[in-house]
Amino acid sequence: RRRARAALHDLLPQLSREAVAALGAVEAAGFLARTERWYADAHLPLDALYGAVADPGGLTARLVRAALAAAAARPQALRELDRRREVDGDWFQDPRTVGYVAYTDRFAGTLRGIRTRLDHLSDLGVRYLHLMPLLKPRDGENDGGYAVADYTAVDPRLGTMDDLESLAGALRERGMSLCVDLVLNHTAAEHPWARGWLAGDPRYAGFYTAYPDREMPDAWEATIPDVFPDRAPGSFSWVPGAGGGDGGWVWTTFWDYQWDLDWTCPEVFAAMLGTVFTLAGRGVEVLRMDAAPFLGKRLGTNCQNQPEAHDVLQALHALTRIAAPAVVFKAEAIVAPDDLVGYLGAHDRYRPECELAYHNQLMVMLWSSLATRDARLAAHALRRMTPAPPTTAWATYVRCHDDIGWAVSDVDAAAVGWDGPSHRRFLNDFFAGRFPGSFARGALFQEDPDTGDARISGSAAALCGIDDARARHDPAALDAGVRRLLLAHAVVYGWGGIPLLYMGDELALANDTGYRADPERAADNRWMHRPPMDEAAFARRYDPETVEGRVFGALAGFAAVRAELPALHASAPVEVPALDDPAVLGWTRRHPRGGRFVGLVNVSDRPASVDAALVTGLDTVLASDGPVRTEGGQAHLPPLSWAWLAEP
Ligand code: OTU
């Protein structure tokens, strides 16, 4: 830290002159204040990452100058946004913030087409729009856009960079922030960096890793679990011509056409920082840091959640604060609960990192509770999690575009008397519809023949029992399915943080089978829960007599009620009380400005109750079945019901 301070001291006089020349005196004052605030947060992780191969002071100074150039190139409207965010920097923690996630083509055809859907987003209270990967992918299979061939161009099927910029502006006028993916761990094999590296271009030396024989790949693979065991086992792929000789084993954690960047190379860091600045300069406000856990590799480990992954994120984050203070980071780290909070900066060093991270533990626990009709595991696991730091927020969600991996810790399972592996096996059987009496119609994803592990695909509606009930024409089962879907969203919207609504879930869209006819997608059943917008279902959204109308109306209501509850500001800690009835998950929040909040859901098909003391003095502000009834010292919850209560 002392050395970082000394390096900053040496840098400042010259940097001040450069900043005044580039930005003018007024803007320069802000830039220099940000540099002073964030310099050490960049220097220290850069030193940890690259101290052995580069002078950390020199490297940091170079990158701060890149931040200055990015600040100088920032359009006026974004500079105004920067000023605004210096005032309302907690916008992403605000209970008015609701998120929506969609594939541009499946939602609206093109980036320009998104304009026609803005009223739909406003109806749902959306203030944050994540458009799934939209940068130019490789031709052919592209992993849903996660195999990027050019970070500086938009997929021509969706539009252009100028379209992206003007969409970001249109969203901003509506108070909506645009979130875009940044794939950090790998590029497509066709990306210019990969082509340059393969051709021996010195500018890309060290960008990727190749080994001439199996010795090192075997050593690494001994402890690295497979991400895609059924079609892409192992973490290396043979590439002719790689490594300067006949060929080499190139690091490919995911599909063989996705080559892992080598983050031990400082030029990779500089190049990716340039990408961050490009997207920020177009008006992207939230960067979703894809596959964040995989950035640091250490022999003998699972090569996830290593200290280097955090160093990379922290250094990128600090430099982005200097260049474009309106921009926030969201970590995509779908990992075990104990590893998760680290991406929000709650690790041993407590350095700022991402402002947002996916709460996959809450997501997994919702599905586990619905399957078992028992909330004890959820209550236990959620209660013992390290709280999110008060300046950060969870992105809470019921369903995302990926498979569901059962992040149930063996310790948590044991605490409620269950066996971790058997419970995970049960969840796969249940959601694949193989367990007797299951209401779910999902499918196994990436079943591993060696370990028996698998994950689950399927739309939220299908996993809740709606598809099954529709197929059987069973109105009671349909009602139960709709209740499950809404109950899960009642938790996600009431937990605090940004609730993310996945396109189609507001209309309870069923599993999509269309992908099977497309050779580029047929082998990846995650496409069953990435449907195109169903225009007929969309047209029914205002009709409360339809399933679509019921779900849409309820979710719009959740957003409207939530917006008025200061206790749902993400800075307030969430607590999970111990309740007598195993069918009930409860959570409480207290905000100094907005008093107490209690959320309750009954995940079972029978009536349940909790001690009325928990809700004494609170009003029901939202509920599935009218105000919560208290009687005989108990508060009563009908089957598959939800309720939010708050201090009047
Ligand atoms: C992410 O997911 C994306 O969400 C996926 O759609 C991509 O296929 C993948 O990266 C590759 O770019 O392992 O099964 O902890 O869960 O990065 C999906 C993070 C994944 C991983 C996540 C990854």
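Overview of the overall build of the protein
Looking only at helices and strands, one finds 20 helices and 25 strands in the protein. Taking 648 residues into account, the globule formula puts the C-alpha radius of gyration at 26 Å, and the protein, at 25 Å, falls close to it. Seen along its three principal axes, the alpha-carbon backbone of the protein occupies a region of about 75 × 55 × 45 Å. Counting every position in the protein, which comprises 648 residues, the buried fraction comes to 54%. In the protein, the proportion of contacts linking residues at least 24 apart, taken out of those at least 6 apart, comes to 69%.

A few points about the site of the ligand
The ligand sits among 15 residues. The nearest are Tyr146, Phe254, Ala291, Ile334 and Asp402. Here the residues of the shell around the ligand sort into nine nonpolar, one polar and five charged.

Section: the sheet that holds strand E23 (residues 629-631)
With antiparallel pairing, the three strands of this open sheet are ordered in space as E21-E24-E23. Edge positions in the sheet fall to strand E21 (608-611) and E23, since each of these pairs with one other strand and no more. Neighbour-to-neighbour, the strand axes of this sheet turn through a mean angle of 35°, independent of strand direction. Sheet topology note: the E23/strand E24 (residues 634-637) ladder contains three bridges and is antiparallel. Within the sheet, the bridge partner assigned to threonine 630 lies in E24 and is alanine 635.

Here's the deal with the sheet that holds strand E7 (residues 210-211)
Read from one edge of the open sheet, three strands run E7-E9-E8, paired in antiparallel fashion. In this open sheet, the two edge strands, each paired with only one partner strand, are E7 and strand E8 (236-240). By the bridge criterion, five bridges tie E8 to strand E9 (residues 247-251) in an arrangement that is antiparallel. Paired with serine 237 across the strands is valine 250, a residue of E9.

Focus on the environment of serine 571
The residue serine 571 is located in the loop between helix H20 (547-563) and strand E18 (574-575) in this model. Each C-alpha atom of the pair serine 571 and threonine 391 lies 6.2 Å from the other, and the pair is 180 residues apart in sequence. Leave out the neighbours within four places in its chain, and serine 571 touches Asp90, Gln93 and Pro390.

Some words on the domain arrangement of the protein
As assigned here, the protein comprises domain 1 (1-99 + 177-185 + 266-358) and domain 2 (571-646). Domain 1 and domain 2 are separated by 40 Å when their C-alpha centres are compared.

Considering the packing of helix H12 (residues 360-372) against helix H15 (residues 420-431)
Each pair of packed helices can be summarised by the angle the axes make with each other and by the distance between the axes. Packing of H12 against H15 leaves a shortest axis separation of 10 Å and a crossing angle of 75°. Classed by the angle they form, the pair H12 and H15 counts as roughly perpendicular. Seen from H12, the contacting residues are Trp367, Ser368 and Ala371; seen from H15, they are Leu427, Phe430 and Phe431. For the contact of H12 with H15, a count of residues per class yields five nonpolar, one polar and no charged.

Side note on the nonpolar core
The biggest cluster of nonpolar side chains holds 225 residues, and the ones touching the most others in it are Leu129, Leu287, Ala292, Leu319, Ala357, Leu485 and Val551. Ranked by residue count, the leading element in this core is helix H1 (residues 2-50), at 14 residues. Taken domain by domain, the makeup of this core includes at least three residues from each of domain 1 (1-99 + 177-185 + 266-358) and domain 2 (571-646). With sequence-adjacent residues up to four places away left out, alanine 292 is seen in contact with Leu184, Ala309, Leu313, Ala331, Glu332, Ala333 and Tyr343.

Side note on unusual backbone geometry
Even without a glycine there, the phi angle at histidine 473 is positive, about 50°. You can see histidine 473 is positioned in the loop between helix H17 (466-472) and helix H18 (475-494). Even without being a glycine, alanine 508 presents a positive backbone phi close to 55°. Tracing the sequence through the fold places alanine 508 in the loop between strand E17 (498-502) and helix H19 (535-539).

Points about the packing of helix H2 (residues 56-73) against helix H9 (residues 266-281)
With their axes 10 Å apart at the nearest point, H2 and H9 run at an angle of 15° to one another. With respect to each other, H2 and H9 are oriented roughly parallel. For the pair H2 and H9, the crossing hand works out as right-handed. Here Leu59, Leu63, Ala66, Ala70 and Ala73 of H2 come into contact with H9, specifically with Pro266, Ala270, Leu273, Gly274, Phe277, Ala280 and Gly281. Broken down by class, the residue content of the contact of H2 with H9 amounts to ten nonpolar, two polar and no charged.

Description of the pairing of strand E11 (residues 286-290)
With four of five residues buried, E11 is to be regarded as a mostly interior element. Strand direction decides the pairing type here: strand E5 (residues 177-183) and E11, joined by five bridges, are parallel. Bridging from a neighbouring strand, leucine 182 pairs with methionine 289 of E11.

Focus: helix H10 (residues 307-323)
Between its first and last C-alpha atoms H10 spans 25 Å; for 17 residues at 1.5 Å apiece the expected length is 24 Å, and the two agree. Of all 17 residues in H10, 15 are buried, a share of seventy percent or more.

Here we look at the environment of methionine 132
The topology assignment puts methionine 132 in the loop between strand E2 (126-131) and strand E3 (135-137). Residue methionine 132 is classed as buried on the basis of its C-beta count, with 23 C-beta atoms lying within 10 Å. Remark: the alpha-carbon pair of methionine 132 and glutamate 447, spanning 315 residues in sequence, is separated by 25 Å. Once you skip the residues sitting within four places of it in the chain, methionine 132 turns out to touch Val101, Ala102, Tyr103, Gly144, Gly145, Asp181 and His401.

Regarding the environment of glycine 159
Positionally, glycine 159 belongs in the loop between strand E4 (148-154) and helix H6 (161-173). Spatially, the C-alpha atom of glycine 159 lies 44 Å from that of valine 603, the residues being 444 residues apart in sequence. Each residue touching glycine 159, except ones within four places of it in the same chain, is listed here: Thr110, Leu111, Arg112, Val154 and Leu164.

Quick word on H12
Owing to its 3.6 residues per turn, the α-helix brings residues three or four apart onto one side. Compared with the 18 Å implied by 1.5 Å per residue over 13 residues, the 18 Å span of H12 between its first and last C-alpha is a close match. For H12, the tally of buried residues reaches 13 of 13 residues, placing the bulk of the element in the interior.

Cut-off values and rules
Residues numbered from 1 in each chain as written. Predicted model: local features only at pLDDT ≥ 70, side-chain atom pairs only at ≥ 80, totals over all residues. Helix = DSSP H or I, 4+ residues; strand = E, 2+ residues; numbered from the N terminus. Rg over C-alpha atoms; globule rule 2.2 N^0.38 Å. Buried ≥ 20, exposed ≤ 12 C-beta atoms within 10 Å, placed from the backbone. Contact = placed C-beta atoms within 7 Å. Near = placed C-beta within 6 Å. Nonpolar A, V, L, I, M, F, W, Y, C, P; charged D, E, K, R; others polar. Pairing = 2+ DSSP bridges. Axes fitted to C-alpha atoms, helices over the stretch in contact; angles between N-to-C directions. Domains from an automatic or database assignment. Parallel < 35°, antiparallel > 145°, perpendicular 65-115°, else oblique. Core = buried A, V, L, I, M, F, W, Y, C linked by C-beta atoms within 7 Å. Left-handed = near helix turned anticlockwise from the far one by under 90°. Expected span 1.5 Å × (residues − 1).

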